[in-house]
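Spelled out from the first residue to the last, the chains are:
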2 protein chains.
Amino acid sequence: MLSKACEYGIKATVFLAQQSKNDLLSNVNEIAGAGNSPVAFTAKILQQLARSGIVASVKGAQGGFYIEKNVLRKLNLLQIVTAIDGDAITTECVLGLSHCSEINPCPMHSKYKVIKAEIVNMLHTTLVSELADDLDQKLTFLKN
Amino acid sequence: MLSKACEYGIKATVFLAQQSKNDLLSNVNEIAGAGNSPVAFTAKILQQLARSGIVASVKGAQGGFYIEKNVLRKLNLLQIVTAIDGDAITTECVLGLSHCSEINPCPMHSKYKVIKAEIVNMLHTTLVSELADDLDQKLTFLKN
DNA sequence: TTTAAATAGGACTAATTAGTCCTGTTTTAG
DNA sequence: CTAAAACAGGACTAATTAGTCCTATTTAAA
Ligand code: FES
Ligand code: FES
C-alpha cells in the first residue's frame, strides 16, 4: 500500500509535529531514531518533504527540521502520501489495468472503489496534529 | 497493495473460471493474452496456483489449466492473494512496525484497522465465480 | 512411434525500490 | 576566523520484485 519512503515520511512528520508543538527543532538523527528508520534514507525523504513545503528546515549548526504552525494546523496524511508516492493510490486499478475507470472496469472495480474511497477519505481527514497528540499521550508509538 | 504476481494471478483465475464453466481448458498463451500479462511470468504464477490446489493442470498436447467445479464453487479472492502474496495483507502494520497490534499501535493503527478489516472481508466474501459471471456478461474486463 | 504441443521447474536477467556515502554549503559557537 | 554541526543533493550500491529463457517431462495425435 505505502512505499517504505512514505512510511518513514509519515513517521518523521508525526514526530516532527509533536516536537514542533513545543517549538523544538529536530535533526535527522533524532527523527530517524524516533521511528527507527534508516538515517540517510530519512534525510532524503525530509529533503523531499521540505521541497513540498510540508516541513521546514534550518541549515547549519543547531539547525534541523520543524513544521510551521499554520502548516501543521491543516496538514493531513494524504498530503504526505501524495508528496512522496504521487497520486497512484487514488488513480491506480487494483488489478493493474492502465487506469481505473467506470468505462472499462476490472472485475474487482465495483468492490474496490468503495475501499479506495475510504482509504483516501481516511488519509484526507486524518490530521497529523491529531496523530501527534496521541503520540504525545503515549497512546501510539513510532517503533516497537 | 497487491504484487504484480497477484494481479496476474487473479486475472488468470477469473479468466479460467469463466472458461471452466464451459468445460474448456486454456493454455498459458490464452490465459496471459486474456489479461495481457507477460506469458512466462503468468506461467510461473499458474504453477504456484496449481501447487496450491487453486487451479488444476493437464500436461501434454491439448493440455492446459482449468478450475475444478467444486473448487470454483467456493473459491474466493483471499485464497488467491494468500497463495501468492502470503498473509502480509492481514498481518502487516501500515507504517512498517514489526507487527500490527493493539498493544503497540502505530499512529495510524486505529484508523487503518477498520480499512484493513474491510479489505480482508471484501477479498474473503468475493467469489471468483461471481467475477467470472460479470466478465461473461461483459460487465467487466481483464484488460483495456 | 515419432513429433509437436503443452506444463514443470530452475537459472538467469532486468527493473524498481530501498538505502548508503560523499562532497558541498550554511550557520552558529568558540 | 575557524571548526564543527547541520542540511542539500548527486552518485552510487544493495535488495527485492518483475520477468525471461532454457531444458526436461508428459501426452495426444498423426
Ligand atoms: S478498474 Fe480496476 S479498480 Fe477500477
Ligand atoms: S500497528 Fe500499525 S497498523 Fe496496526
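Residues numbered from 1 in each chain as written. Chains lettered and ligands numbered in written order. Predicted model: local features only at pLDDT ≥ 70, side-chain atom pairs only at ≥ 80, totals over all residues. Heavy atoms only, no water.

## Observations concerning the protein's contact with DNA strand D
Within the structure, DNA strand D sits among 25 residues, and K44, Q47, R51 and S57 of chain A together with Y8 of chain B are positioned closest to it. Residue R51 of chain A places a side-chain N or O atom 2.9 Å away from a phosphate oxygen belonging to DNA strand D. Measuring from a base nitrogen of DNA strand D, one finds a backbone N or O atom of A61 of chain A at 3.2 Å. The class makeup of the residues in the surface near DNA strand D is nine nonpolar, 10 polar and six charged. (Near = heavy atom within 4 Å. Polar contact = N/O pair within 3.5 Å; in protein donor to acceptor, adjacent residues only side chain to side chain. Nonpolar A, V, L, I, M, F, W, Y, C, P; charged D, E, K, R; others polar.)

## Observations regarding helix α1 (residues 4-21) of chain B
Residues and elements named next belong to chain B. In this model, α1 (18 residues) spans 26 Å end to end at C-alpha, consistent with the 26 Å of a helix rising 1.5 Å per residue. Counting buried residues in α1 gives 16 out of 18 residues, a clear majority hidden from the surface. Positive phi appears at D23, one or two residues downstream of α1, with a value of about 50 degrees. (Helix = DSSP H or I, 4+ residues; strand = E, 2+ residues; numbered from the N terminus. Expected span 1.5 Å × (residues − 1). Buried < 20%, exposed > 50% of the residue type's maximum accessible area, 1.4 Å probe, protein only.)

## Remarks on the nonpolar core
Core analysis: the biggest nonpolar cluster contains 90 residues, and I10, M108 and L123 of chain A together with I10, M108 and L123 of chain B have the highest contact counts within it. Sequence-distant contacts of L123 of chain B, that is, excluding residues within four places in its chain, are made with M108 of chain A together with N76, L77, L78, V81 and I89 of chain B. (Core = buried A, V, L, I, M, F, W, Y, C linked by side-chain atoms within 4.5 Å. Contact = heavy atoms within 4.5 Å.)

## A few points about the protein's contact with DNA strand C
Around DNA strand C sit 24 residues, and of these Y8 of chain A together with K44, Q47, R51 and S57 of chain B come closest. Here DNA strand C approaches the protein such that, of its atoms within 4 Å, sugar and phosphate make up 71%. The side chain of R51 of chain B places a nitrogen or oxygen atom 2.9 Å from a phosphate oxygen of DNA strand C. Counting residues per element, the ones that place at least two in the surface near DNA strand C are α1 (4-21) and α3 (39-51) of chain A together with α3 (39-51), β1 (56-58) and β2 (64-66) of chain B. For the surface near DNA strand C, the per-class residue count stands at nine nonpolar, nine polar and six charged.

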